[in-house]
Every structure is written in structure tokens, then in C-alpha cells.
Amino acid sequence: MIHSLFLINNAGDLFLEKHWKSVISRSICDYFFEAREKAVEPDNVPPVIRSPHHYLINIYREKIFFVSVIQTEVPPLFVIEFLHRVAETFQDYFGECSETTIKDNVVIVYELLEEMLDNGFPLATESNILKELIRPPTILRSMVNTITGSSNVGETLPTGQLSSIPWRRAGVKYTNNEAYFDVVEEIDAILDKSGTTVFAEIQGVIDACVKLSGMPDLSLSFMNPRLLDDVSFHPCVRYKRWESERVISFIPPDGNFQLMSYHISAQNLVAIPIYVKQNISFFETGSSGRLDITVGPKQTMGKTVECLVVTVHMPKVVLSANLNATQGTYNYDPVTKILLWDIGKLNPQKLPNLKGSLSLQSGAPKPEESPSLNIDLKIQQLAISGLKVNRLDMYGEKYKPFKGVKYVTKAGKFQVRT
Amino acid sequence: MSASSAFSDEKGGSASEPEYGHDPASGGIFSSDYKRHDDLKEMLDSNKDSLKLEAMKRIVAMIARGKNASDLFPAVVKNVACKNIEVKKLVYVYLVRYAEEQQDLALLSISTFQRGLKDPNQLIRASALRVLSSIRVTIIVPIMMLAIKEAASDMSPYVRKTAAHAIPKLHSLDPEQKDQLIEVIEKLLADKTTLVAGSVVMAFEEVCPDRIDLIHKNYRKLCNLLIDVEEWGQVVIINMLTRYARTQFLNPNINESLLEENSEKAFYASDDEEEEDKKAEPATLAKRKPYVMDPDHRLLLRNTKPLLQSRNAAVVMAVAQLYFHLAPKAEVGIIAKALVRLMRSHSEVQYVVLQNVATMSIKRRGMFEPYLKSFYIRSTDPTQIKVLKLEVLTNLANETNISTILREFQTYIKSMDKDFVAASIQAIGRCATNIGEVRDTCLNGLVQLLSNRDELVVAESVVVIKKLLQMQPEQHSDIIKHMAKLIDNIQVPMARASILWLIGEYCEHVPKIAPDVLRKMAKSFTNEEDIVKLQIINLAAKLYLTNSKQSKLLTQYVLNLAKYDQNYDIRDRARFIRQLIVPTDKSGALSKYAKKLFLALKPAPVLESPFKDRDHFQLGSLSHLLNAKAAGYQELPNWPESAPDPSVRNVEIPDWSKCSSRKDRKEKKVEKPFYSDSEGESGPTESADSESDSGSGSASASGSDESGSGSESEESGEETESDEEEEDEEEEKKKRKKLDKTKAKKQAEESAESEQSSSAEDRKRGRKAVKNQKSASESESESESSESEEESEEESEEESESDTNVRKKRTPVLKQPPKQSKKESKKETQEMSLLDLDDYEPAPASASVTPVNFLSSSLVSDLEGLSLTDTILAPTTLAPSGSIKMYELLHRIKGEGLAVEYCFSRQPFSPEPNMVAVQIQFTNNTNSETKNLHIEDPRLQSGMRIREFAEIDVLAAGESVTVVMGIDFCDSTQAANFQLCTHTRKFFVSIQPPVGELMTPAFLTENDFKKEQGKLMGMNEILEKLTLGEKCVNEHVIVERVTATANLSRVPCGSDKECRFAGKTVSSGCLVLVTVTTKEGGGAQLTVNCEKMLIGTMLVKDILQALSQ
């Protein structure tokens, strides 16, 4: 399966290599560099690259390419999914997954990679188990470690891998027992020039932060479970129970995890919280153009829209923008050609407006293409789909946990065409 | 391996890497590098763990950066035995990296691992095996092999998992070992833990993917376990099962596909997929019977379906491909939703999923149509995703949605991403060719694009228009004219070449314009790109042939220019064309056909998806993605014409449906994971520690859940087989009735018959009872006898080895002449007599094998020993009362159908009086004879001896036999280990006696008892106070309990508050005296006097437990 892994930064430096079988020379990465060069944008590097004897499967994450080398047939998604899991584990351990943190913690990284894969086949990928095997670094511990010279390898051997519930470690104890659930919904939408919805759907996740002692058995029920017809679960959730009763019943992993994700598809009606009136036009002569954008609330269910940001990818020929914003600040980056308008809170009484002129490269023809607007927003205390958690019950433990549910709606891939 | 050598230039790393030259760790200068290593060596040699650790950390960092640290090998390898677990781990990391290069030195570490393999801690055993198998040193192959074999039968599933991981490692190191490894794989495939399942299938795929026969017996188990296997294992198992199903089941679409296709064909006249099948199928359809899906096929589909909701994209994709390749057409649809959901994931995941969706959408367009909008493109998508989405949209286009799709395409054309725009135009072209109705609209749209400011857009449009026009040139001469005008403006060579080709090809449709174009082009010939020049020559030649009057001179001129061109291709072409078209005296026969050559009717290009026919690769595979066979790709086999025998999978049914829910549940609990949906309440794994216990406890606390899933488990466990089973059952009953009838007629002895049948039933019940005893939780009261009878019937059926074979044996009996059935009945009577002995004959050793027991287990335990109270002196006469506990020696599954149970019969072992008699019952559950059952290789503690039973020559299928063997335990509770051998296999088994079985009753008078007790005071006397259990209300019960616990006899006693028992140890004949004195209020005092203090203590413990229950 996975033969070797190379980590390569955006500048093309190979800064870590790990082999699970015989060593493969790093010159194999030349094939990757070739493809990288051809692709221009890092996003466009094909995930699977063929070389005469090997296949390179890579992902691009946090400005790092994770390039894995394989030799024989393997489902590509298997490798891709695993590489993402590696990146997530790093993030989990070091707070962020960047070149610096990886270089700083190279020994832990190496130990992690050693545990996660055996002979190229995944061995332990559950964060709870890994944390028992190899303790994540903390400031305090790294201080202690430098003084005493000990490291992060767990002294005791983990039991998690051997238990029937591989995602939860045994003997968890908290003084404050609490369970929090965040229902986060993202609206993916495409609105056309006239403001009608071409396509809209909701991607929801329920993130959980469960800090409960012992071995609690939770069940979470919804007021309107019918909304959820396309769901995927953390392995801890009992499928059958969901199928029969529409209740999410599970023994939670310890700490933070994503309990489930769901998808409310385009067939349902999706409320669009804002509308955008825009007019971006370029004149035939004079190398200039005009821009006028107004944003207003539409279906906000009585909540305030916050953190509103409008991003416009301008055509290459646009040199600068001379605009006037009634609210918030705007910024045009002439290198990346991105116009960013940070509005903040949306005030329904006084609609924010951005208006002004654009100057183009002199002599260049009027651009044919029309830029599209990407919207970012956030609405607290609201799940736009209307999903509501009914109750959370705990069985198996005696104490009374503190429970909380939070709702947030965000814009996902929210795009307005012009 | 050999392939890797091309790139594995191991030592290239260190000095030659310029980018690390400035790195402080590398030292810059070679010599200082050495010095630094000396430094590390010193640290490694020191006594302090902290220094060692620091050194190892630095070395690992060097390895991580790809620097060569191999010269440190001797210094590092010394530390392999280091006590510090952190140092040890890092040393392992180093070893695995460099052992291959330093094979000789690596051998130094082997003994450490070998020691580790014997460690009592399973994690240490596992990690030792892991490292041992990872250091690729050829010399240790035999050691690895041995270690793997041993680990494969380890108690701990985690170690077995590691063994499974080690198999492909060894295989890649030494392919010679394949046969032996396959044996291990076979063994591990039979493993029932989810932990092992994924890893062993992985090993199977790497070592022997073609040995599909190994899967048969494990197929249903794998299906049922699937949901609990860890996600990576799920992917591997699903992919393997897809291949398996393709070889074992019939194509579910064999009939419908034909019908549907026909109707589809009528709708989409332009749609010419799957044409080939059409011809072949009418014939087959006529022949074929209505398709019935194999229940195992259904089982696979049903058990994989919930995995579509996995969070792991690879699992979802694996299930999706399974459904695509295996499910009936009507059911494939469910995967669309899940695949569409994956598109929200990382762009790499999207990329792979879209590739697969593109392939699927060609074959099964309807599936994705409802999700059309999910494939709409955002300006922020990476180009490669955009292009793939476009591909899917194009595949999904049909008459009804084409207008929406075209509108969507229109916006794409305005995108800033030029590659994407070009792809969009091509997509429009494809829609236009596929859907006749919109061809004109598309063409018009494309023509409009010709006036686009962007040259790329125009060029791409020209190329597409060219292709479209080729389909129906007559109607579109005006478009050709329009394009001819464009040639002045368009600069993109490909587009210019396309226009020229069009004009040349259809010069007869535009007779006035064509020569004029040639004139213009002749003028600019020298400045054109090569492809344009070639097309100019082409155009000239064609015009010369059709309209030589106007173009003769121009052609000559162009050819002359070409003659002196810099490019030799062009010069060649010019020379060739001149010879061909310009008639000279030398010109050969070919010139006559020049016109035919140049102006032949050319077939219109077919604009088809690059993903067409990619589905001959297994979807989701690397090969599919690359559209080329990757190394190690396993071809997806075609459906078989007729299904292979489905009964090959039958063998293990009983173990996996009923047994697991009844008898085996308790035992399986150990191995079955807690969460299994199919086994709602099955318990924690191996380490049934408090944690997992509480887990299961909590599960049962959520009452409704439990019952719900419990019933589900029954369902899912049985559903598949239930039909089958029920049928079997009924059949069985019928047959039995018939059988009985025939017998009745034959023998005309009704009484005998009833006796027979009842005894048979008794036997079953007896077996059932044994089971009940084990699964004490199972409480079935006597009143349920009818039900339990049924159950026992079922079970005995299963017991008798998936029964089919037995039935096969029996069926002929029914039909064959009475003689045969006489034989049969004889056999039965034989059995009967054996059973009768149970009931009536007191003494023989083989007697109490199958204690008859109608009582529920709890009652049994309550009444245990009851029968002994009055007749202590002759316990044997009452042996069949069920008081004798059967222990399992070899489980049926482990023994591959051979089940062995034993009990301590409490008979004196006549050949050697100082041995304990052990009664062993063999039951052959396989469908073949087991031969030469005997004992081999006893491994005993010193002083212990075994008197083997005589070898059993043949044990026929479904039969059981009982033998007695003697073991001298030397008055210790050490287990006697030995091998049980059949003609094919050997099983390691052990018998461990409870302390109470190490003695025989001794008959003393009250006075003798007191006298002996007086001799055994002090250290030899053990006093213990206890509170009697609720049920120990009277003397009667106490006596019963004590005698059940230990093989003692009661000594008469004057006081009714005291009970006395006496016995002596079998081996050394030491007296054992027990006194129980009851007090008011449930208190009691237990006194045991025995010279052997150890036995005394253990006996006290056992009796205490028995009494306080």
C-alpha cells in the first residue's frame, strides 16, 4: 500500500521523508515537481501522478504537499483519506499543521507516522488511541522535558486499541462533566445575475466537545429529524438505531470530535439570508469601469447577519479601484486582483453600499469575463435549515452532566454571478 | 521490489543534498560530520537514559530529513534491549530504517525480539513481532515464519492482527514462503474478531488474491462483521468481496437490463451505448429463468448499505463501487446521494469521486439526474475539478434538461479560466452531437462565439464547429462562408487550420469563396504556422481537383512555395501532392484516383466521453483513475453464466446465526465487539475489563435500545438464513416423520419407536442442557419445553454440521428399499442402547456422558448434587442426574467441526487407582469422517502422568463417542497439556481439574473421623467463618453443595448442626476432612483438615463459594 511519504513545502523543499517499506530515493519526487510546475496553481496539481514504476498520490493542505509513493493497485481515495487523516492528526497534536510545527516536533511526527501505518496499511488512526501512545506536547510538558530529559512517549501501554470501543480511552475522569454540541450549517449557493437562486443547499455538521467521566452512553434526539435524509456519522454512532428511531445513540470519544455531518439537498427549499444587488460594468472606451454593490437582508429569521465579507475576483486588466463604502472597509490587491470588502454587521435600516470606479490597463480591450462575488457571513443562534436538538440523554453513568447546544449558520461556497 | 530498486538509491541522501549543506546538524564539512557522530556514539554508550534519548532523538531527526545515519548502527543496536520504553521505541524506528543495509549487525537485535515474542504483555508481543517482521533481513525468514505462525494462534486478537500485518512483509521479503503463509492466512481468515478481519483480508489481497476458495467459508462472517471492522479494513474487505461476488453470483441485471435498454433506446435514438449487448441478449432472455438473487448476494448488499453513511470517503466509494458492480439496476440509485455528499470534501477527494461519477453517469445516467445542480461549477473550483464537473454535466444532458445545462454553460464561457472555457465549448459540442434537437441552437451559439474577443474562445469554437459541420455539411454552407470570412481575424493556428480544412472539404458547397480563400492564404503562406501550411496545401490540392480552372496556378504557386519550406514535412507533402494531382507523363496509376483519395467521404468524428468504457476497471481503483492497469490490479471478473454451488459457503452457518445468539454468545462475547449492530448485545472484546463491562452495562441500561437492537440482531443474523433454515427445518421434520413411519411399519413396535424418538430427544435436550449450564444467564423454564424442544431440534440440526450432509445421507434412506432403513434403524438402536445405559446401568465409565436434563440451568445449579445426598456411597448410580459438569476441551469451531467435551466422572480409574478418571466425549460435526483420534506429545508437570485412551479409528460424521482416560495430577491443580490428533490436524488442549476432583470419597466412622481430625491440627487445619447463602437453609442443601464441589463422602454425625465429609486425595491418598458447623442466623464455620495445605486452602475457597451462594 503506502510505501513512503514525503512532505514538501510550497517552495519545493522536501523537509521530511518516511518510509514504511524499503527506502525509495527522494528523486522520485521529480515527477511531482514536474507536475507541480505544469499546474501553476497548487490546487491544480493532479492528485495522482504516474511515474514508470510508482504512483504518486498527493494532497495539498496548509501549504504543504503530502506526497505518498505507492507501487501497486490501491483505491486512491484510501490513500487520500489517510493523508488527510495524517494532516488532521498533526493539527490535533500541534494546534496547527505547518512546516514550522512539523520541523519543531519532528520526533513526535516520526513516531506518529510510525504508529499510524504498518507496512503501508493503517494501524492506529483514532486520535484517542494515538494520544495514549504518544502524548501531545504542551508548553508545560516541553518545559519539563527539557529539564528532565524525558519525552512524549506514553509510559503506560494503551488499552484503547484492545477495547471494544476503540475510539474511547478507558478511565476518563473529569471534575466538571460537560457535553457541548455545535450545530454548524453552511449554505452553499449560486445566485445568478438577477438574484434568483440557481442552486442552494445546506451542509451541516454537529461538532461535539464531550468531557464526561467513565463510559457514558449518550443519545441525542431532534425536534425535526425528518430534515436529515443524507447523513454521515462518526463510527461511534449506532446506525441501526438511527435507521429505526432517528435518534443518534453513541458512546462518545473523549474530547473534540465531529459527531455527524448532514446534507440538505437542493431539492428542499433553502432560505437565503441576504440579497446582493450588484452592477459591475466596463466601458468600451476609456479603460475604466464602474462598480456598485448593495447588500441587504432577505430571510434572516429575525437574527443579525454578522461578519459579512464580499470578495470579488477581478479580471486581470483591472489595475486599481477607487471606491466608496458606506459601511466597513474595502481593499483591492492589484497583484492577486482580489477586491475584499469587509462589512461586518448588517444593519437592515441602513444598507451597506460600495460604489465607485475601476481603472483598467490602458489600451487593453474591455474584459469579456464577468467576475463573480463570493460572500462570507455568519448568523449566530440559528440553524438555517430549522434543525433543532430536542434533548440529550445520558445512560450508564450516575452524575449529571452539564449540557449545551449552540447553533451557527455560515456561508459556505456562496457565490453571486454577475 | 525489483521495481523499487530503480529508485532506491539509499545512500544518495546525505552529502549530495545541497539544500541541507547549511543545516547545522549536518555539520557542513565532512570531517566535522564525523565528529558529530562520535559525539552521538558517546551519548549512546553512556549509562544515562536521558543522554541516550537525546542522542536517539537527534538521530531520528536526521532520518526524517533523509540524512544518512547508517554509520551509527553498531552504537544504536546495542540499545535495543534498553529498559527505557522511549529509547526503545526510537531504536526500533532506527532499526526498521537501516537493518536492511546492515544485515549482519541487525542480527544482534533478533534475540531481543524473540524474547519479546514470549512476553506476557500482548502489546509487547505485538510490537516485537512488528519490528521483527519489518527489518528486512533475509536470514531471519525462518524465524519470522515461526513467529508469525505462533502469533496467529495467540490468545490476543491484537497480536493476531499484527501477525496478519506481518504476512505481506514476509511475502515480499521471500515469495518462496507463499504456501506456508497461505496456511496462516487461512487460519486467520477463520478468526472472528473484527480487529483481525481487515488486516487478514489485506494480507490475502497481497499474497494470494486468486485463492477465492479460502473466502467461501468466511464469506457470511465477513459480511456480518463488516460494520464493526475499522474503516480501513472495511475498504479492503468490500473491494475483495466485490470481486468474490462477481465470481459466485449471477448478474442481477441479466433480464431487466435488456428490457430497459430497449425502451431507453426508443427514447434516445442518438444514444448508442450498450449496443453490443443487444444482439446477444434476446436469445439468452428466452432461455433464462426468472432471476432469483442468491441470499448471500443479498446479504452483502444489505450489510454494506449502512456504510454509505461512513465519514470515510474511501469506505463510501468502496460501497458505491460495490453497488455499481453488483446491485440490481433498481437499487444502484442509492449510492448517488452519498457520492454527491462526498463532493463537499477536500478537492482531492472531489477529484477522485468526480472521475468515478463521470464513468457511472455514462452507464446509469438516471442515477445522477436529480443531483444535476450539485455539479454546477463555481468560479472558485480548481480547474481540474471544473473540467470533471463539466464532463459529468455533459453526460447527464438529455432532452429535458439540456436547456438548463446550456444556460449554465453559457455562464461558464464568460469565466476567467481559459482552459475551462475551452472545455466548456467542447462540452457544448458534445451536447450538440448527442442531442439532435439542440444541434442547431448549439451551432448558432457557437457561431456567435466566433465573434468573441478572446481568440482562444473563437479558436475552440471553430474546432468544435468543424466537428459539428462534418455531420451535416449541406445545410450549413452559410456557416462555412461565415467562417471563411473569419480567417482574416483569427490568429490561432489550430483554428485557422480547421477553417481551411472545412473549406477544402466542402469546397463544392462554397464554390465561389474557396478559391478566394486560397488566394489569400497563398499570399501569407510563408508566415503561417506549420499546421496551417499543411492545410493550405491540402486546400490547394482539393481545389485543383474540383475546380482546376480557377485554382491551377494558385496551386502551382503554393506547391512551389512549399517546395522550399524549411520544414521537411511540408516539403515532403508538397512533393507527394504534386506527384499525385498534377498529371505528368511519369505519374503512376495513383493519380487517377486522386480525387477519390482526397475527397472521400470522411466519417464524422464521434464526440464521446473520455470516460466511456472505463467501467471495465473496478470503479474506485487506481487503474480506473489512470485508465490503465496498475501493477497488482485484480481484474474484475465477468459474471458467471451459471452460479457456482452456493453451498460452499454453508459450512459455517450454524456458528454464525443461531449458535452465536445462543450458546456461543457468552463465549463470543469475548471476541465480538460491543457495537455490532447485527449482534446487538454482544459483549466486549478479549480484555473483558471493567471498562468495557460498564460499556455493555450502560448499553443495556438504555433498555429500548437493547431490545431493539437485540431483535435486530436476530433478524439480521437469521434473516438470510432463516428462510433457508425454516425450510430445512420443515423438511427435516417431515423427513423425520417419514422416517419414523417407515420404521414403525417395519418394526411394528410402537413402544420401541416412541422410546427411540424420546431418547433421541432426550439426547438433544441433554446437549441443550449442557449448553444451558454454560450460558447460565439463559433461563428457560421447563414449561417452555415445547419451545425448547423445537429449539433443541434446530440446534441439534445445526450441530449435526450444517445438516445438509446429514440430510443427504438420510434422504437416500427414505427412498431406498426397506433393507437400508433397517440398517439405519439398527444404527439408531445402537445409539439408543448407549443412551439407555445412561438411564439404567450404573457403573460403566462411559455411562454418564450425556446427562439427561430437563431443567433450566438455574434450577440445575440449585439442585446440583441433590441426588448425591442420600446415596453418597454409590454416586455413580445417580450420575445421569445432570450433576456432572461438562467442560469444553475443544470448541467445535476451533476444532474445525470436531467438538470435544470432558467431565470428571468420579469413577475410580480401574487400570491405575491413583489417577483421576476423565471422561471425554468427541462429537464429529464435520461432514466427513475423522480418523485416528489419539493423544500425542503430552506436556506435563514433573510427576504427572497420563494414561491415554485407546486410539479411535474412525468417527463418522455426526457421530459422537466417549472414552475415558486417566490423569495423575499429583494432587495439584496444574493443567495437563497435550495434543489431540486427528488424521489431519493437531489441536493443543489442556485439562485443568478443579481441586474437588482430585479426591475420592473415604469411608470413615464418626470416631475415625475425630481421630484423624485430631492428627491434622495446627498448620493442617484451616478454619473459616462464613455466612450461608439464602438457599442453604438446611443440612440437606449443604451436603448437596459440598459434595457437588468436591468428591467427598459424608460421615455420619450425631449433631444435626454439623456435617462432616471425608475423602482422600487420589494420587497420594492423604486424608481430607471437611466439617461444616451451622450456627443461628445463617452463620457457619467451615473446617478443613488436610495434610496438603495447598489443597486444603483451595478446597476451603471452593466450598466457601458454593455455600455462600
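Refer to the structure above for everything that follows.
Predicted model, so just to flag it, every value in this text is computed and none were measured.

**Considering the overall build of chain B**
Here's step 1: Counting secondary structure elements, chain B contains 49 helices and 15 strands.
Here's step 2: Counting only residues that meet the buried cut, chain B has 56% of its 1109 residues in that class.
Here's step 3: Within chain B, contacts between residues separated by at least 24 positions form 67% of all contacts whose residues are at least 6 apart in sequence.
Here's step 4: Of the accessible surface of chain B, which amounts to about 47800 Å², a share of 52% is contributed by carbon and sulfur atoms.

**A look at the sheet that holds strand β4 (residues 930-939) of chain B**
All names here are of chain B.
Here's step 1: Read across the sheet, four strands follow the order β6-β4-β8-β9 without closing on themselves; strand pairing throughout is antiparallel. Of all strands in the sheet, those with a lone pairing partner are β6 (952-955) and β9 (986-991), marking the two edges. Each strand axis lies, on average, 35° off the axis of its neighbour in the sheet, ignoring direction.
Here's step 2: By the bridge criterion, four bridges tie β4 to strand β8 (residues 976-981) in an arrangement that is antiparallel. Opposite His-934, over in β8, you have Cys-981 as the bridge partner.

**Regarding the packing of helix α8 (residues 122-134) of chain B against helix α9 (residues 141-152) of chain B**
Residues and elements named next belong to chain B.
Here's step 1: Two elements in contact, α8 and α9, have axes separated by 10 Å at closest approach and are oriented at 150°. Overall, the two elements α8 and α9 adopt an arrangement that is roughly antiparallel. Seen from above, α8 lies across α9 with left-handed handedness. Contact residues: Leu-129, Leu-132 and Ser-133 in α8; Ile-143, Met-144, Ala-147, Ile-148 and Ala-151 in α9.

**Observations regarding the interface of chain A and chain B**
Here's step 1: Contacts between chain A and chain B engage 127 residues on the former and 120 residues on the latter.
Here's step 2: Contact between chain A and chain B buries roughly 10800 Å² in total, counting both sides, with carbon and sulfur atoms accounting for 57%.
Here's step 3: The interface formed by chain A and chain B includes 12 salt bridges.
Here's step 4: Two residues, Arg-417 of chain A and Glu-408 of chain B, come together in a salt bridge whose shortest N-O distance is 2.6 Å.
Here's step 5: Summed over the shared surface of chain A and chain B, the result is 33 residue pairs in polar contact (both at pLDDT 80 or more).
Here's step 6: At nine residues, helix α2 (residues 76-94) of chain A tops the list of elements feeding residues into the side of chain A that touches chain B.
Here's step 7: By residue class, the composition of the side of chain A that touches chain B is 58 nonpolar, 35 polar and 34 charged.

**Examining the environment of Leu-308 of chain A**
Here's step 1: For Leu-308 of chain A, the location among the structural elements is in strand β16 (residues 306-313).
Here's step 2: Separated by 33 residues in the primary sequence, Leu-308 of chain A and Trp-341 of chain A place their C-alpha atoms 8.6 Å from one another.

**Remarks on unusual backbone geometry**
Residues and elements named next belong to chain A.
Here's step 1: Phi at Val-40 takes a positive value of approximately 65°, unusual for a residue other than glycine.
Here's step 2: One can find Val-40 in the loop between α1 (29-39) and β3 (48-50).
Here's step 3: Given a relative accessible area of 62%, Val-40 falls into the exposed group.
Here's step 4: Of note in this structure, Cys-307 is not a glycine but carries a positive phi near 50°.

**Remarks on the side chain of Ser-623 of chain B**
Here's step 1: Of note, Ser-623 of chain B is situated in helix α35 (residues 622-626).
Here's step 2: At 3.0 Å, the side chain of Ser-623 of chain B forms a polar contact with the backbone nitrogen of Ala-630 of chain B.
Here's step 3: With sequence-adjacent residues up to four places away left out, Ser-623 of chain B is seen in contact with Glu-73 of chain A together with Phe-617, Ala-628, Lys-629, Ala-630 and Tyr-633 of chain B.

**As for helix α49 (residues 1093-1108) of chain B**
Spacing of three or four residues puts side chains on the same side of an α-helix, whose turn is 3.6 residues.
Residue and element names in this part refer to chain B.
Here's step 1: In this model, α49 (16 residues) spans 22 Å end to end at C-alpha, consistent with the 22 Å of a helix rising 1.5 Å per residue.
Here's step 2: Of all the residues in α49, the buried ones are Ile-1095, Gly-1096, Leu-1099, Val-1100, Ile-1103, Leu-1104, Ala-1106 and Leu-1107. Along the long axis of α49, the arc covered by the buried residues comes to 165°, so they all point the same way. Across α49 from its buried face, at more than 90 degrees, point the exposed residues Leu-1094, Lys-1101 and Gln-1105.
Here's step 3: Check the buried side of α49 and you find it contacts β10 (999-1001), β11 (1021-1027), α48 (1035-1045), β13 (1058-1065), β14 (1071-1078) and β15 (1083-1090).

**Considering helix α33 (residues 568-581) of chain B**
Residues and elements named next belong to chain B.
Here's step 1: Over its 14 residues, α33 runs 20 Å from end to end, which matches the ideal 20 Å to within 8%, given 1.5 Å per residue.
Here's step 2: Among all positions in α33, only Ile-570, Ala-574, Ile-577, Leu-580 and Ile-581 are buried. For α33, the angular spread of the buried residues around the axis is 135°, confining them to a single face. Relative to its buried face, α33 has exposed residues pointing more than 90 degrees away, namely Tyr-568 and Arg-575.
Here's step 3: On its buried face, α33 sits against α31 (530-546), α32 (548-563) and α34 (594-598).

**Examining the pattern of salt bridges**
Here's step 1: Scanning the entire structure with this criterion turns up 49 salt bridges over all chains.
Here's step 2: Residue Glu-205 of chain B pairs with Arg-243 of chain B through a salt bridge whose shortest N-O separation is 3.0 Å. Note that Glu-205 of chain B is positioned in helix α12 (residues 194-207) and Arg-243 of chain B in helix α14 (residues 231-248), a separation of 38 residues in sequence.
Here's step 3: Judged by its relative accessible area of 5%, Arg-243 of chain B is buried.
Here's step 4: Three or more residues joined by partner-sharing salt bridges are found here, namely Lys-18, Glu-114, Glu-115 and Asp-118 of chain A together with Lys-89, Arg-130 and Lys-169 of chain B.

**Considerations on the packing of α2 of chain A against helix α21 (residues 347-363) of chain B**
If you want to describe how two helices pack, look at the angle between their axes and the distance between the axes.
Here's step 1: Where α2 of chain A meets α21 of chain B, the axes come as close as 10 Å, and the angle between the chain directions of the two elements is 170°. The orientation of α2 of chain A relative to α21 of chain B falls into the category roughly antiparallel. Contacts between α2 of chain A and α21 of chain B involve Pro-76, Leu-77, Ile-80, Glu-81 and His-84 of chain A on the former and, on the latter, Glu-348, Val-349, Val-352 and Val-353 of chain B.
Here's step 2: Here the contact of α2 of chain A with α21 of chain B is built from residues that sort into six nonpolar, one polar and two charged.

**A closer look at the pairing of strand β13 (residues 255-264) of chain A**
It is a general feature of regular strands that their side chains alternate between the two faces of the sheet.
Residue and element names in this part refer to chain A.
Here's step 1: Counting buried residues in β13 gives eight out of 10 residues, a clear majority hidden from the surface.
Here's step 2: With nine bridges joining them, strand β9 (residues 197-211) and β13 adopt antiparallel strand pairing. Across the sheet, residue Gly-204 finds its bridge partner in β13, namely Tyr-262.
Here's step 3: One ladder, built from three bridges, connects strand β11 (residues 231-233) with β13; its direction is antiparallel. The residue of β13 that forms the bridge with Ser-232 is Ser-261.

**Digging into the environment of Pro-1001 of chain B**
All names here are of chain B.
Here's step 1: Along the chain, Pro-1001 falls in strand β10.
Here's step 2: In sequence terms Pro-1001 and Phe-1061 are 60 residues apart; their C-alpha atoms lie 8.5 Å from each other.
Here's step 3: The contact partners of Pro-1001, leaving out residues within four places of it in the chain, are Asn-1047, Leu-1048, Ser-1049, Ala-1062 and Gly-1063.

**Section: the environment of Cys-1053 of chain B**
Here's step 1: Structurally, Cys-1053 of chain B can be placed in the loop between β12 (1049-1051) and β13.
Here's step 2: Remark: the alpha-carbon pair of Cys-1053 of chain B and Glu-1006 of chain B, spanning 47 residues in sequence, is separated by 6.1 Å.

**Section: the packing of aromatic side chains**
Here's step 1: On inspection of all chains with the given rule, the structure shows 28 aromatic pairs over all chains.
Here's step 2: Ring centres 6.1 Å apart and planes at 25° place the aromatic pair Phe-78 of chain A and Phe-121 of chain A in the stacked group. You can see Phe-78 of chain A sitting in helix α2 and its partner Phe-121 of chain A sitting in strand β7 (residues 121-122), a full 43 residues away along the chain.
Here's step 3: Taking the relative accessible area as the measure of exposure, Phe-78 of chain A reaches 0% and is therefore buried.
Here's step 4: You can call Phe-121 of chain A buried: its relative accessible area is 2%.
Here's step 5: Between Tyr-412 of chain B and Phe-420 of chain B, the ring centres sit 5.3 Å apart and the planes meet at 45°, which makes this aromatic pair tilted.
Here's step 6: Judged by its relative accessible area of 3%, Tyr-412 of chain B falls in the buried class.
Here's step 7: The structure contains a cluster of three or more aromatic residues connected by ring pairs, namely Phe-32, Phe-33, Tyr-60 and Phe-65 of chain A.

**Notes on the sheet that holds β3 of chain A**
Residues and elements named next belong to chain A.
Here's step 1: Spatial ordering of the open sheet is given by β2-β1-β5-β4-β3, a layout of five strands whose pairing is antiparallel. The open sheet has two edge strands, β2 (14-19) and β3, and neither has a second partner. Going across the sheet, the axis of each strand differs from the next one's by a mean of 20°, ignoring polarity.
Here's step 2: Alignment of strand β1 (residues 2-9) against β2, held across five bridges, turns out to be antiparallel. Residue pairing across strands places Leu-5 opposite Lys-18, the latter belonging to β2.
Here's step 3: Strands in contact with α2 are β1, β3, β4 (55-61) and β5 (64-70); relative to β4, the strand with the most contacts, it is inclined by about 40°.
Here's step 4: Along the sheet, helix α4 (residues 106-116) makes contact with β1 and β2, crossing β2 at roughly 35°.

Cut-offs applied
Residues numbered from 1 in each chain as written. Chains lettered and ligands numbered in written order. Predicted model: local features only at pLDDT ≥ 70, side-chain atom pairs only at ≥ 80, totals over all residues. Heavy atoms only, no water. Helix = DSSP H or I, 4+ residues; strand = E, 2+ residues; numbered from the N terminus. Buried < 20%, exposed > 50% of the residue type's maximum accessible area, 1.4 Å probe, protein only. Contact = heavy atoms within 4.5 Å. Areas by Shrake-Rupley, 256 points an atom, 1.4 Å probe, with all protein chains shown as cover. Pairing = 2+ DSSP bridges. Axes fitted to C-alpha atoms, helices over the stretch in contact; angles between N-to-C directions. Parallel < 35°, antiparallel > 145°, perpendicular 65-115°, else oblique. Left-handed = near helix turned anticlockwise from the far one by under 90°. Buried area = accessible area lost by both parts, 1.4 Å probe. Salt bridge = Lys/Arg side-chain N within 4 Å of Asp/Glu carboxyl O. Polar contact = N/O pair within 3.5 Å; in protein donor to acceptor, adjacent residues only side chain to side chain. Nonpolar A, V, L, I, M, F, W, Y, C, P; charged D, E, K, R; others polar. Expected span 1.5 Å × (residues − 1). Arc of directions from axis to C-beta. Phe/Tyr/Trp six-rings, centres within 6.5 Å; stacked < 30°, edge-to-face > 60°.

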